Amino acid sequence: MNQQSLSVREAIIGRRSIKRFNGQPVDREDLMNIIDDAVWAPNHKNREPWRLVVACGEEIFELHKLLRDTTIPKWKELSEESLEKQMQKFTLAGAFVFVIVSEDVRQKQRLEDFAAASTFIQNIQLLAWDYGIGSCWKTPDFLDAPDFRTALGVQPGERIISMLQLGYFDELPKAAERKKSDQIVTIFGQGEKK
């Protein structure tokens, strides 16, 4: 088991979205340990509104086929080299986590559940970073494709809100500047920020 090596601040500030993985697989036990800790995300009334579909072992190759069939039109007409190049955005990640949330018909609960699941996803990303595993939270349109939903076992009334790609990487992306508090905060009673 990994011993925590980063402070919370170091994990938050140091984490980057990784889009170029090196193809090294993610160990299932590490991923399950990360998920077991991530579930401590705050969630309204302890509903824990998420469920996951994970691919990180042999099943990842079947997921690659599903992603190919779902995302690359006319893939059968492509050369092997061209198809391989287009598939690298999927095949170099060492694991996938699809986060699924029920879509409560009550707007307040639906928004609460989405917010809670978002903190859960952030927990996964920060904990993975502590293991030296990069991640990228993606919401591509194909998550709503009927064939894709069926293949993942997504039921009516559920929504895939995230495709998390996880894996190891060779190059750390440069940090993008973030707004500072003086740019986003208005002190109550002192008017709007301009």
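Just above, that's the structure.
Now for a description of the structure that goes with this document. Each chain carries its own residue numbering, running from 1 in the written order of its sequence. Only residues with pLDDT of 70 or above have their local features reported here, since the model is predicted, and side-chain atom pairs are shown and tallied only from 80 upward, although totals for entire chains, interfaces and linings are computed over all residues. Computation of side-chain values: all heavy atoms of the structure, hydrogens and water removed.

**Description of the pairing of strand S2 (residues 95-102)**
Only protein chains enter the calculation, and the probe is 1.4 Å; a residue is then buried if its accessible area is under 20% of its type maximum, exposed if over 50%, and partly exposed in between. Only runs of H or I of at least four residues qualify as helices and only runs of E of at least two qualify as strands under DSSP, and these elements are numbered from the N terminus. In terms of burial, S2 is largely enclosed, as 7 of its 8 residues are buried. Only when DSSP finds a minimum of two bridges between them are two strands counted as paired. In the sheet, strand S1 (residues 50-55) pairs with S2 via 6 bridges, with the strands oriented antiparallel. Note that in S2 the partner of Arg51 across the bridge is Ile100. Across 8 bridges, S2 lies against strand S4 (residues 158-167) in antiparallel orientation. Bridging across to S4, Phe96 finds its partner in Gln165.

**A word on the pattern of salt bridges**
Basic side-chain nitrogens of Lys or Arg form a salt bridge, by our definition, when they fall within 4 Å of a carboxyl oxygen of Asp or Glu. Enumeration over the complete set of coordinates arrives at 9 salt bridges. Here Asp104 makes a salt bridge to Arg106, at a shortest N to O gap of 2.7 Å. Among the ionic pairs, Glu112 bridges to Lys108, the shortest N-O distance being 2.4 Å. Here Glu112 and its partner Lys108 are both found in helix H5 (residues 107-130), 4 residues apart, which amounts to about one turn of the helix. A residue is classified by how much of its surface remains accessible, and Glu112, at 13% relative accessible area, is buried. On the basis of relative accessibility, which here comes to 56%, the residue Lys108 falls in the exposed class. Within the structure, one salt-bridge network assembled from shared partners comprises Arg47, Lys108, Glu112 and Asp113.

**With respect to the environment of Ile60**
Mapped onto the fold, Ile60 is located in helix H3 (residues 59-71). On the basis of relative accessible area, Ile60 is assigned to the buried category, the value being 6%. When the C-alpha atoms of Ile60 and Gln122 are compared, they prove to be 23 Å apart, with 62 residues separating the residues in sequence.

**Details of the nonpolar core**
Soluble globular proteins tend to pack their nonpolar side chains together in the buried interior. Core analysis: the largest hydrophobic core is formed by 24 residues, its most contacted members being Leu31, Trp50, Val99, Phe120, Ile124, Ile133 and Leu166. Ranked by residue count, the leading element in this core is H5, at 6 residues. By nonpolar core we mean a set of buried residues, namely Ala, Val, Leu, Ile, Met, Phe, Trp, Tyr and Cys, connected to one another through side-chain atoms within 4.5 Å. Formed by 23 residues, the second largest nonpolar core is a distinct cluster that contains Ile60, Phe90, Ile100 and Phe148.

**Focus on the environment of Ser82**
When you line up the elements, Ser82 lands in helix H4 (residues 80-91). Taking the C-alpha atoms as reference points, Ser82 and Arg110, separated by 28 residues in sequence, lie 41 Å from one another.

**Some remarks on the packing of H3 against H4**
Whenever a helix is involved, its axis is fitted only over the stretch in contact; in every case the axis is a line through C-alpha atoms, and angles between N-to-C directions fall within 0 to 180 degrees. One way to put it is that H3 packs onto H4 with a least axis distance of 10 Å and a crossing angle of 120°. Looking at the two axes, H3 sits oblique to H4. You can see that H3 and H4 cross each other, and the crossing is right-handed. Listed contacts from H4 to His64, Leu67, Arg68 and Thr71 of H3 are Leu83, Met87, Phe90 and Thr91. Our angle categories are set so that under 35 degrees counts as roughly parallel, over 145 as roughly antiparallel, 65 to 115 as roughly perpendicular, and the remainder as oblique. Note on convention: the crossing is left-handed when the near helix lies turned anticlockwise from the far helix by less than a right angle, right-handed when the turn is clockwise. Contact between two residues is taken to exist if any of their heavy atoms lie within 4.5 Å; hydrogens are not considered.

**Focus: the packing of helix H2 (residues 28-38) against H5**
Their axes nearest at 9 Å, the elements H2 and H5 cross at an angle of 135°. One finds that H2 runs oblique with respect to H5. Here H2 runs over H5; the crossing is right-handed. Residues Ile34, Ile35, Asp37 and Ala38 of H2 pack against Phe120, Asn123, Ile124, Leu127 and Ala128 of H5. Three residue categories are used. Nonpolar comprises Ala, Val, Leu, Ile, Met, Phe, Trp, Tyr, Cys and Pro, charged comprises Asp, Glu, Lys and Arg, and polar comprises the others, including Gly. A breakdown of the residues in the contact of H2 with H5 according to their chemical character gives 7 nonpolar, 1 polar and 1 charged.

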